[in-house]
Structure formats: structure tokens, C-alpha cells
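Topology and contacts: notes
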Amino acid sequence: MPDHDKAPMPTSVDEAINAVLRAERQAQETIERCRQEARQRVDEARARAQRITRSTDDRIEKIRARCTQATTAQVEAVLRRNEDSDAAELTDAELERIRTAVDRLAERLTSNDDAQPGSG
């Protein structure tokens, strides 16, 4: 049972008013403590969300870099094989266009833009 239920019955109107005012003051203090605790919890949740966002962004950037590096290595391997074969020789300009196209494709595949192919 709450403490206020155990309080003795007031013997006068003044005592009754004082008891009500005390109960009201205690209720206001309790409400303020709850508000402060809620603000603190919201601040902690925001800070945690920011840490999660930073961590996720870092991971995404590392994955993007690895994908770009792997794609570049594969393209270079294909180009080296092409250079070693008897296939038709590509000009430097053609090779550069291929590298540019591959870089753009890698960026498009690893970016989190909602851009549709052909719109950029």
C-alpha cells in the first residue's frame, strides 16, 4: 500500500489542506523525475542510433571499396589476358573507355542511391 494511505486522518481542515498540498507536491516531484528519466533514455537511444549509423556507414564504405578493388583487379586480369592473346588489339582510348565503364558499373552496383539505370 502507498504511504499516503497509512497517514493518520487529519484532525482539522488546515491539516487536511496541508496533506493534500504535500501529496500534490510529491506527485509533481515524481512526475518531474519521470520526465528527466524519459529525457535521459531518449538521449541515450539517440546516441546509440548515431553509433549504429556510423558503424553501418563505415562497413558499407569498406564493402564498397573491396568491391571496387575486386572488380578493378578482374578487369585488369581480363585485359591482360586479352593483351596476351591473338585477339584484336584495343587502342588505349578503348581500354580507357572500358575501365571507365567498369568503374561506373562498380559504383552503381555498390552505391545506395535509388537511381535507375540510364538516369545518371
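Residues numbered from 1 in each chain as written. Predicted model: local features only at pLDDT ≥ 70, side-chain atom pairs only at ≥ 80, totals over all residues. Heavy atoms only, no water.

**Thoughts on the overall build of the protein**
When helices and strands are tallied, the protein shows 2 helices and 0 strands. When each of the 120 residues of the protein is scored for burial, the buried share is 7%. (Helix = DSSP H or I, 4+ residues; strand = E, 2+ residues; numbered from the N terminus. Buried < 20%, exposed > 50% of the residue type's maximum accessible area, 1.4 Å probe, protein only.)

**Here we look at a nonpolar patch on the surface**
Taken together, the side chains of Val13, Ile17 and Leu21 present a nonpolar region at the surface, about 280 Å² in accessible area. Considering the arrangement of structural elements, one finds valine 13 in helix H1 (residues 13-84). (Patch = residues over 30% accessible without salt bridge, like charges linked within 9 Å, V, L, I, M, F, W, Y side chains within 5 Å. Areas by Shrake-Rupley, 256 points an atom, 1.4 Å probe, with all protein chains shown as cover. Salt bridge = Lys/Arg side-chain N within 4 Å of Asp/Glu carboxyl O.)

**Structural notes on the pattern of salt bridges**
In this structure the tally under the stated criterion is 4 salt bridges. Among the ionic pairs, arginine 39 bridges to glutamate 32, the shortest N-O distance being 3.2 Å. Taking the relative accessible area as the measure of exposure, arginine 39 reaches 44% and is therefore partly exposed.

**What to know about helix H2 (residues 92-110)**
Spanning 19 residues, H2 covers 27 Å between terminal C-alpha atoms, matching the ideal 27 Å at 1.5 Å per step. All of the buried residues along H2 are Leu95, Val102, Ala106 and Thr110. For H2, the angular spread of buried residues about the axis comes to 50°, placing them on one side. In H2, those exposed residues whose orientation departs by more than 90 degrees from the buried face are Ala93, Arg97 and Arg104. (Expected span 1.5 Å × (residues − 1). Arc of directions from axis to C-beta.)

**Description of the side chain of arginine 64**
Mapped onto the elements, arginine 64 comes out in helix H1. Sequence-distant contacts of arginine 64, defined by excluding residues within four places in its chain, comprise Glu107, Thr110, Ser111 and Asn112. (Contact = heavy atoms within 4.5 Å.)

None of the figures reported here should be taken as evidence of function without further support.
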